[in-house]
Amino acid sequence: MGFLTGKTAIITGGGRAVLSDGSCGSIGYGIATAYAKEGANLVLTGRNVQKLEDAKAELESKYGIKVLAVQADVNAGADNESVVKNVVEQAVKEFGRIDVLINNAQASKSGVLLENIYSGLYAAFYYMQACYPYLKETKGSVINFASGAGLFGNYGQCAYAAAKEGIRGLTRVAATEWAADGINVNIVCP
């Protein structure tokens, strides 16, 4: 039993991606593994159903936790508020609570520049908005992922950097506003 037993974490972009050498190459899956080791039940989202199902099977069998895998894709052509609302409703129905929201997902497609804004910034905004009442109830946490691309202005990554800097600004404001409700909001910039 870990220190997160009985807690529920939503992790966007939590599918299990496999590198050519057979190792796992996904930040989201790495986060999911760390939370599973501590006993948290997980809600994993992503675009690829197979990667989500692979993550679910491995995490449940290795760590004895429950995983809800929900295909969700925040993008330019979707009703994004409904996509996110569906994930949050399924999480609450399955586990009865939300303790942690980790906004990790971020599409990075060449030639589809605005997709970065939707999958990153818009997704973080909609997930935070939908999870807020549950996080307030549990005195939960939000961990958002930004990037050094925004901090340092990586060449050729304008839309990606803009999305990540938007997430950083969103996080700083939410940390200030939500502290009174007992919600801890942080940013990680790998």
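Just above, that's the structure.
Overview of the structure.

**Details of the pairing of strand β1 (residues 8–12)**
Step number 1: Of all the 5 residues making up β1, 5 are buried; the element is thus mostly covered by neighbouring parts of the structure.
Step number 2: What you see with β1 is no split at all: T8, I10 and T12 on one side and A9 and I11 on the other are buried throughout.
Step number 3: Pairing between β1 and strand β4 (residues 100–103): 3 bridges, direction parallel. The partner of A9 across the bridge, within β4, is V100.

**With respect to the packing of aromatic side chains**
Step number 1: Tallied over the entire structure, the rule returns 4 aromatic pairs.
Step number 2: Between Y122 and Y126, the aromatic rings sit 6.4 Å apart at their centres with planes inclined by 80 degrees, giving edge-to-face as the arrangement. With Y122 and Y126 both in helix α4 (residues 115–138) and 4 residues apart, the pair spans about one turn of that helix.
Step number 3: Three or more aromatic residues link up through ring pairs in this structure, and these residues are Y118, Y122, F125 and Y126.
Step number 4: In this structure, R16 is placed above the aromatic ring of Y29, and the distance from its NZ or CZ to the ring centre is 5.5 Å.

**Some words on the side chain of N104**
Step number 1: Structurally, the position occupied by N104 is in the loop between β4 and α4.
Step number 2: Judged by relative accessible area, which is 11%, N104 ranks as buried.
Step number 3: For N104, the contacting residues outside a window of four places in its chain are T12, G13, I27, G28, I31 and F145.

**Remarks on the pattern of salt bridges**
Step number 1: Applying the stated criterion to the full structure yields 8 salt bridges.
Step number 2: The partner of K56 in a salt bridge is E60, and the shortest N-O contact between them spans 2.9 Å. Within this pair, K56 and its partner E60 are both found in helix α2 (residues 49–63), separated by 4 residues, close to a single helical turn.
Step number 3: Since its relative accessible area comes to 27%, E60 is described here as partly exposed.

**Remarks on the sheet that holds β1**
Step number 1: An order of β3-β2-β1-β4-β5-β6 is seen for the 6 strands of this open sheet, with the pairing classed as parallel. Two strands in the sheet have a free side with no partner beyond their single neighbour: β3 (67–71) and β6 (184–188). The sheet shows a mean angle of 15 degrees between the axes of neighbouring strands, direction not considered.
Step number 2: Sheet strands touched by α4: β1, β2 (41–46), β4, β5 (141–145) and β6. Its angle to β4, the strand with the most contacts, is close to 175 degrees.
Step number 3: Contacts from helix α6 (residues 158–178) reach β5 and β6, with the element oriented near 160 degrees to β6.

**Description of unusual backbone geometry**
Step number 1: Located in the positive-phi region is K139, a residue other than glycine, with phi close to 55 degrees.
Step number 2: Residue position: K139 is located in the loop between α4 and β5.
Step number 3: Look at K139 and you get exposed, because its relative accessible area is 52%.

**Some words on the side chain of K164**
Step number 1: You can see K164 is positioned in helix α6.
Step number 2: Buried and unpaired, K164 has E165 as its nearest opposite-charge partner, separated by 9.9 Å.
Step number 3: For K164, the contacting residues outside a window of four places in its chain are Q106, F145, A146 and S147.

**With respect to α2**
Step number 1: An ideal rise of 1.5 Å per residue puts 21 Å on 15 residues; α2 measures up with 21 Å between its terminal C-alpha atoms.
Step number 2: Along α2, the positions that sit buried rather than exposed are L52, A55 and L59. In a view along the axis of α2, the buried residues occupy a sector of 60 degrees, so they form one face of it. Every exposed residue of α2 that faces more than 90 degrees away from the buried side is listed here: Q50 and S61.
Step number 3: Here the buried face of α2 lies against α1 (27–37), β2 and β3.
Step number 4: Measuring from the side-chain oxygen of the N-cap residue of α2 to the backbone nitrogen of Q50 gives 2.9 Å; that N-cap residue is N48.

Calculation criteria
- Per chain, residues are indexed from 1 in the order of the written sequence.
- Under the rules for a predicted model, residues below a pLDDT of 70 receive no local features and side-chain atom pairs below 80 are neither given nor counted, while totals for whole chains, interfaces and linings still include all residues.
- Side-chain metrics rest on all non-hydrogen atoms present in the structure, leaving aside hydrogens and water.
- Exposure categories follow from relative accessible area, calculated using a 1.4 Å probe and restricted to protein chains: below 20% of the type maximum is buried, above 50% is exposed, and the middle band is partly exposed.
- Helix numbering and strand numbering both begin at the N terminus, where a helix is a DSSP run of H or I of at least 4 residues and a strand a DSSP run of E of at least 2.
- Pairing between strands is defined by DSSP: at least two bridges between the two strands are required.
- Here a pair means two rings of Phe, Tyr or Trp (six-membered ring of Trp) with centres within 6.5 Å. Their orientation is stacked below 30 degrees between planes, edge-to-face above 60, and tilted elsewhere.
- Definition used: whenever NZ (Lys) or CZ (Arg) falls within 6 Å of the ring centre and also within 35 degrees of the ring normal, the charge is taken to sit over that ring.
- Every residue pair with non-hydrogen atoms within 4.5 Å of one another is taken to be in contact.
- Salt bridges are defined as contacts in which a side-chain nitrogen from Lys or Arg sits within 4 Å of a carboxyl oxygen from Asp or Glu.
- What counts as an axis is a line fitted to C-alpha atoms, over the stretch in contact for a helix, and the angles between N-to-C directions run from 0 to 180 degrees.
- Lys and Arg are tallied as positive, Asp and Glu as negative. Neither His nor the chain termini are counted.
- Between the first and last residue of a helix there are one fewer steps than residues, each counted as 1.5 Å, and that sum is the expected span.
- Throughout, the arc means the angular range of directions from the helix axis out to the C-beta atoms.
- Within 3.5 Å is the distance limit for a polar contact, defined as a pair of N or O atoms, with the added protein rule that one can donate a hydrogen and the other accept it, and that residues adjacent in sequence qualify only through two side-chain atoms.

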